[in-house]
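# Fold and geometry: a report
Chain residues, written in single-letter form:
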Amino acid sequence: MAKRKIRVMVAKPGLDGHDRGARVLARCFRDAGFEVIYTGCHQTPAQIAASAIQEDVDLVGLSCLSGAHRYLFPQVVNLLKEKGADDITVIGGGIIPNQDFQKLYDAGIKAIFVPGTTLDTIVNWVNKNVKPVERK
Amino acid sequence: MERGDKIKAGDVRTASRLIRDIEDSIPEAKATIKHIFPYTGKAQVVGITGSPGAGKSTIVDGLIETSRKKEQTVGVLAVDPTSPFTGGATLGDRIRMQRHSEDIGVFIRSLATRGSLGGLSKAVGDAIHVMDAMGKDVIFVETVGTGQQEVEIIHYAHTVIVVLVPGMGDEIQAIKAGIMEIADIFVINKADRDGAQKLQRELMTMIEMSHIPPGGWKPPVLTIRNSFKPEEFEQDLRTLSAKVREHYDFLISSDLIGDRQKRKRLHELNEAIRFSILEPVLEMLVKTGELDSMVEKLVKKESDPASLAEEIAKKYLQGCF
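Worth saying up front: this structure is predicted, and the values here are computed from it rather than measured.

## Here we look at the nonpolar core
Residue and element names in this part refer to chain B. By size, the foremost hydrophobic cluster in this structure holds 45 residues, and its most contacted members are Ile-7, Leu-77, Val-130, Val-141, Val-162, Phe-186 and Leu-203. Of the residues forming this core, the biggest block, six residues, is contributed by helix H5 (residues 124-133). Residues contacting Val-162, with those up to four places away along its chain left out, are Thr-49, Ile-179, Ile-182, Ala-183, Ile-185, Phe-186 and Val-187. With 30 residues, the next largest nonpolar core counts Ala-54, Val-60, Trp-217 and Phe-233 among its residues.

## As for the side chain of Asn189(B)
All names here are of chain B. With respect to the element layout, Asn-189 can be found in the loop between strand S7 (185-188) and helix H6 (196-209). For Asn-189, a relative accessible area of 7% translates into the label buried. Reaching out from Asn-189, the side chain makes a polar contact with the backbone oxygen of Ala-54 at a distance of 2.7 Å. With residues near it in sequence (within four places) discarded, Asn-189 still touches Ala-54, Gly-55, Ile-59, Val-163, Leu-164, Val-165, Pro-166 and Ile-224.

## Looking at the packing of helix H7 (residues 230-253) of chain B against helix H8 (residues 256-288) of chain B
All names here are of chain B. Contact geometry of H7 with H8 gives a least axis separation of 5 Å together with a crossing angle of 95°. As far as their axial angle goes, H8 and H7 are roughly perpendicular. Each of His-247, Tyr-248, Phe-250, Leu-251 and Ile-252 in H7 lies in contact with H8, whose residues at this interface are Leu-256, Ile-257 and Arg-260. Partitioning the contact of H7 with H8 into residue classes produces six nonpolar, one polar and one charged.

## Looking at the confidence of the model for chain B
Averaged over all residues, the pLDDT of chain B equals 90, while 96% of them reach at least 70. Confidence, expressed as mean pLDDT per element, reaches its minimum in chain B at H8(B) with 87 and its maximum at strand S4 (residues 106-112) of chain B with 97.

## Focus on the interface of chain B and chain A
Every contact between the two is made by 32 residues of chain B and, on the other side, 36 residues of chain A. Where chain B abuts chain A, roughly 2800 Å² becomes buried across the two surfaces, and 41% of that area is made up of carbon and sulfur atoms. Inspection of the chain B/chain A interface yields nine salt bridges. Across the salt bridge formed by Arg94(B) and Glu55(A), the nearest N and O atoms sit 2.8 Å from each other. Applying the counting criterion to the chain B and chain A interface returns 29 residue pairs in polar contact (both at pLDDT 80 or more). Those elements that place two or more of their residues in the side of chain B that touches chain A are helix H2 (12-23), strand S3 (89-91) and S4 of chain B. At seven residues, H2(B) tops the list of elements feeding residues into the side of chain B that touches chain A. Looking at the side of chain B that touches chain A residue by residue, the class counts come to ten nonpolar, ten polar and twelve charged.

## Concerning the side chain of Asp184(B)
All names here are of chain B. Mapped onto the elements, Asp-184 comes out in the loop between strand S6 (159-164) and S7. A distance of 3.3 Å separates polar atoms of two side chains, one belonging to Asp-184 and the other to His-247. Those residues in contact with Asp-184 that lie beyond four places of it in its chain are His-158, Thr-159, Val-160, Trp-217, Pro-219, Pro-220, His-247 and Arg-260.

## Here's the deal with the domain arrangement of chain B
Segmenting chain B into domains produces domain 1 (41-254) and domain 2 (269-316). Computed over C-alpha atoms, the centres of domain 1 of chain B and domain 2 of chain B are 38 Å apart.

## Concerning unusual backbone geometry
Not every positive phi belongs to a glycine, and His42(A) is a case in point at roughly 60°. When you line up the elements, His42(A) lands in the loop between strand S2 (35-38) and helix H2 (45-55). Positive phi, close to 60°, is recorded for Glu71(B), a residue that is not glycine. Looking at where Glu71(B) falls in the secondary structure, it is placed in the loop between helix H4 (56-69) and strand S2 (74-80). With a relative accessible area of 70%, Glu71(B) lands in the exposed category.

## Things to note about the sheet that holds strand S4 (residues 89-94) of chain A
The parallel open sheet is built from six strands, whose spatial order is S5(A)-S4(A)-S3(A)-S1(A)-S2(A)-S3(B). Across the chains shown, the open sheet's two edge strands, defined by having one partner strand only, are strand S5 (111-113) of chain A together with S3 of chain B. This sheet shows a mean twist of 20° between the axes of neighbouring strands, independent of strand direction. By the bridge criterion, four bridges tie strand S1 (residues 7-11) of chain A to strand S3 (residues 59-64) of chain A in an arrangement that is parallel. Across the sheet, Val8(A) pairs through a bridge with Leu59(A), a residue of S3(A). Sheet strands in contact with H2(A) are S1, S2 and S3 of chain A, and its direction is about 160° off that of S1(A). Set on the sheet, helix H5 (residues 119-129) of chain A makes contact with S3, S4 and S5 of chain A; between it and S5(A) the angle comes to about 165°.

## Points about the environment of Glu142(B)
Residues and elements named next belong to chain B. Here Glu-142 is to be found in strand S5 (residues 138-145). A relative accessible area of 2% places Glu-142 in the buried class. Glu-142 sits 64 residues away from Ala-78 along the chain, and the two C-alpha atoms are 4.7 Å apart. Excluding its chain neighbours within four sequence positions, the residues that come into contact with Glu-142 are Ile-48, Lys-56, Ser-57, Val-60, Leu-77, Ala-78, Val-79, Asp-93 and Met-97.

Rules used in this analysis
- Residues numbered from 1 in each chain as written.
- Chains lettered and ligands numbered in written order.
- Predicted model: local features only at pLDDT ≥ 70, side-chain atom pairs only at ≥ 80, totals over all residues.
- Heavy atoms only, no water.
- Core = buried A, V, L, I, M, F, W, Y, C linked by side-chain atoms within 4.5 Å.
- Buried < 20%, exposed > 50% of the residue type's maximum accessible area, 1.4 Å probe, protein only.
- Helix = DSSP H or I, 4+ residues; strand = E, 2+ residues; numbered from the N terminus.
- Contact = heavy atoms within 4.5 Å.
- Polar contact = N/O pair within 3.5 Å; in protein donor to acceptor, adjacent residues only side chain to side chain.
- Axes fitted to C-alpha atoms, helices over the stretch in contact; angles between N-to-C directions.
- Parallel < 35°, antiparallel > 145°, perpendicular 65-115°, else oblique.
- Nonpolar A, V, L, I, M, F, W, Y, C, P; charged D, E, K, R; others polar.
- pLDDT = per-residue confidence, 0-100.
- Buried area = accessible area lost by both parts, 1.4 Å probe.
- Salt bridge = Lys/Arg side-chain N within 4 Å of Asp/Glu carboxyl O.
- Domains from an automatic or database assignment.
- Pairing = 2+ DSSP bridges.

Here you go:
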């Protein structure tokens, strides 16, 4: 039996067209041996949740540089929960002030990575915390 | 069986997980496929192939739109390459199709090739079955960006669209074997660029020169203009969509669909035989350590691959020899 491969989705919710970071991350996940679905900019939370389910990903990485993360990130978590897909891990990144971290954790975002984080840190986090076999 | 019933009811989450299990070679997936197999064979499977950046995903997006306007339900399998170095993959086809992601009549699933060489993934055949059993009317299968030789799509699709763009080479390319032979429909994309008319002439000359039996299908050469001018693009897509339908109707009325079905089933059987016979034997050879010692023998030139293969066949496939 082949080993389960980790599938991740990198998505940019909302009105934010700055996707250099998201692309770098998508590339870095690929180099880490994951299968990465990149959905491009200007996605609604509903589009992201629907795509994550269609693609059966283990992880959704949200990138937001516009300041709307407190509105957009929790919506993705809630929509996944509504569709019975709360076993999909959601993490976030971008320009996110320290004081928002706890609110996002409370809303179900499992980790937050801000500028300056090394790519290795993120990949190691995923390898440690995302276990595709154990999902329901 | 509950899982198969959920697939038949069109449950996306179950279907997507099943496709994952097929990709990951989870043994239980085979049982579900056996269960849903009798419910397959109803969808029209359309293959879209062509070189990287030719516009396959954008054309699939346009075809989804025209199909939905006809109230057909749609499945999409979009294949992108797996890295031979890391095993990772960037699956970026669905970027072009995201306007359909919330439409419950559309199910888009990206697949990585995971080492397959024919332009598709090993899982694609069963993934088509899954979407077919879900009741999708039409299933678009987008291959990886292909070169000349990746023609495996003909084993799965009723209709193959080959997407070309101007400026990719001279007329000799058009008479080469391989991908240029498999088209049921040629599409020249980005047709407002220089060289589109020349390419169209060359293709038409090539088609005139090929031996099409009386009453056979003559592949049309369609053009698609700039996708940034929505009206022109949509108009060209409607023409393409109508041709796709026409080809399917032709297969049915000429009874050629039976031949395609047979070709498809033969390929599936070949794959299943490989899966049921070759893989267990290889697994056994690994487990017993025989594989290692055989490689060792080859390195030392004590034997040769053909003799060793015969030895394996004699030992594990009694009755054949």
